[in-house]
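Below, each chain spelled out in residue letters.
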Amino acid sequence: MRGKYEAPPQKRRRKEPAQQPRDFAQSVPNQPRQSKYRKPTLGEHLLRFLAVVLTVVVVFACTLFLSMKMICGSTSPSAKRTFVTTLLETGQLKFLVSWFVPAAEVQEIVNSNSMVKLDEDVDAGLITFEPFEDNEQDPEAKDLEVIELSGRTYTAKLIKVRDPSRISLATIYPWRDTGVTLEELAKQSGAIAAINGGIYDSTNNSGGRPYGVIVSNGEIQYNKPNEYPGLVLVGFDNDNILQIIDVDGMTPAQLEALVEEKGIRDAVTFQEESSDANNHFVQLIINGNPRGMNGVGSGLNPRTAIGQCADGSVLLLVTDGRGKNGHLGASAADLIEIMTQYGAVNAANLDGGSSTCMYYDGEYLMTSVTFYYSNSSWKLPAGFIVK
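Here we summarise the structure given alongside this text.

Rules used throughout
- Residues numbered from 1 in each chain as written.
- Predicted model: local features only at pLDDT ≥ 70, side-chain atom pairs only at ≥ 80, totals over all residues.
- Heavy atoms only, no water.
- Helix = DSSP H or I, 4+ residues; strand = E, 2+ residues; numbered from the N terminus.
- Contact = heavy atoms within 4.5 Å.
- Areas by Shrake-Rupley, 256 points an atom, 1.4 Å probe, with all protein chains shown as cover.
- Salt bridge = Lys/Arg side-chain N within 4 Å of Asp/Glu carboxyl O.
- Buried < 20%, exposed > 50% of the residue type's maximum accessible area, 1.4 Å probe, protein only.
- Polar contact = N/O pair within 3.5 Å; in protein donor to acceptor, adjacent residues only side chain to side chain.
- Phe/Tyr/Trp six-rings, centres within 6.5 Å; stacked < 30°, edge-to-face > 60°.

**Re the overall build of the protein**
The helix and strand tally for the protein stands at eight helices and 19 strands. Taking the contacts inside the protein whose residues are at least 6 apart along the sequence as the reference set, 71% of them involve residues at least 24 apart. Summing over all exposed atoms, the protein offers an accessible surface of approximately 21400 Å²; the carbon and sulfur share of this is 52%.

**Examining the pattern of salt bridges**
As enumerated under the stated definition, the model contains eight salt bridges in all. Between R303 and E89 there is a salt bridge; the shortest N-O distance is 2.8 Å. Taken as a pair, R303 in strand β14 (residues 303-309) and E89 in the loop between α3 (77-87) and α4 (95-100) lie far apart in primary sequence, 214 residues in all. Each member of the pair, R303 as well as E89, carries the same accessibility label: buried. We note a salt bridge from D119 to K117, for which the minimum N-O separation is 3.9 Å. Grouping residues by exposure puts D119 and K117 together as exposed.

**Notes on the side chain of S368**
As for its placement among the helices and strands, S368 is situated in the loop between β18 (363-366) and β19 (382-386). Its relative accessible area of 1% is what places S368 among the buried residues. Of note is the side chain of S368, whose polar atom sits 3.2 Å from the side chain of W378. Look past the residues within four positions of S368 in its chain and what remains in contact with it is K324, S354, T356, Y373, S374, S376, S377 and W378.

**Topic: the packing of aromatic side chains**
Scanning all chains against the criterion turns up five aromatic pairs. Residues F236 and F384 carry aromatic rings whose centres are separated by 6.4 Å and whose planes lie at 85° to one another, so their mutual orientation is edge-to-face. One end of the pair, F236, is in strand β7 (residues 231-237); the other, F384, is in strand β19, with 148 residues separating them in the sequence. Their ring planes at 65° and their centres at 6.0 Å tell us that Y373 and W378 sit as a pair that is edge-to-face.

The structure is reproduced here in structure tokens:
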């Protein structure tokens, strides 16, 4: 009996994996694969930058606040004294003193760290002019000499001018709202050297208007000696003598009479005041007598000063400070020490701080300590120049 037919077993077909759809970029030859990264927009970059800047500012402000709080703590009387005397000499930052130190304590610090008043008038007889001839064979015998100096809390530049008749006052008169940089002032006057001068309106770096008194080439260009208390006139008479005269409380008519009597040809004013509102000083040396100090006398700041030696030579001095080059600045005692070392018979402090600057032979020897004017100077209405 024939058996039932059985079909041979079929081989099981291997199941092929489902084919994945090809990416468009893969289907097109020689095309780079597209990245999923999206490039930030300009606005996003700007927001990130502002966030970083804001963070830095906040951290800096907090650090500064805490530092001032520590400085003004009772654990460091000397640091507190320096803090108060230094900031009271500034134009824009003196308000910080009242934030950290009570008013009564501020006045106590000012009273115990002040300067002895100098009531002497300049004795012109102490200045004896000696003829000077420029000797090219002797490099030390120069009519104009630039000297670099340094102290514990400052660096300084000193220009010694043998002929005082070369010193005059350059101004932007007639006055306007905006002044000019020291470089512009020097170039407009054809000067080889210049420093900033007296008190002026520095609000928002306008610099177009002086305060007190301005005399240029014998002409009174600004006459308000009673505009501020404690003004002192600093400048040269027709005999090339550096005059330092207290004009506090004078009327304009009295100032006119003084200028005519003394023969004042070029002068500015700066303020002498010691209080919890301001802490300014002017006289440094009169007739060879250095000014006495109570305590430290003053704070540490950038300074501008002018002096005259017995042979008639003029000393133009500037120092750095307020963190520039890592320095706090110079004190009144520092200025007196430098002026005495270089033979000054009479010397006076001028407007300092952010206004301090010196220009010589086409470049700044000292720029403003303000960050955004660190390559130049503040705008000024006037400055002493070397013709």
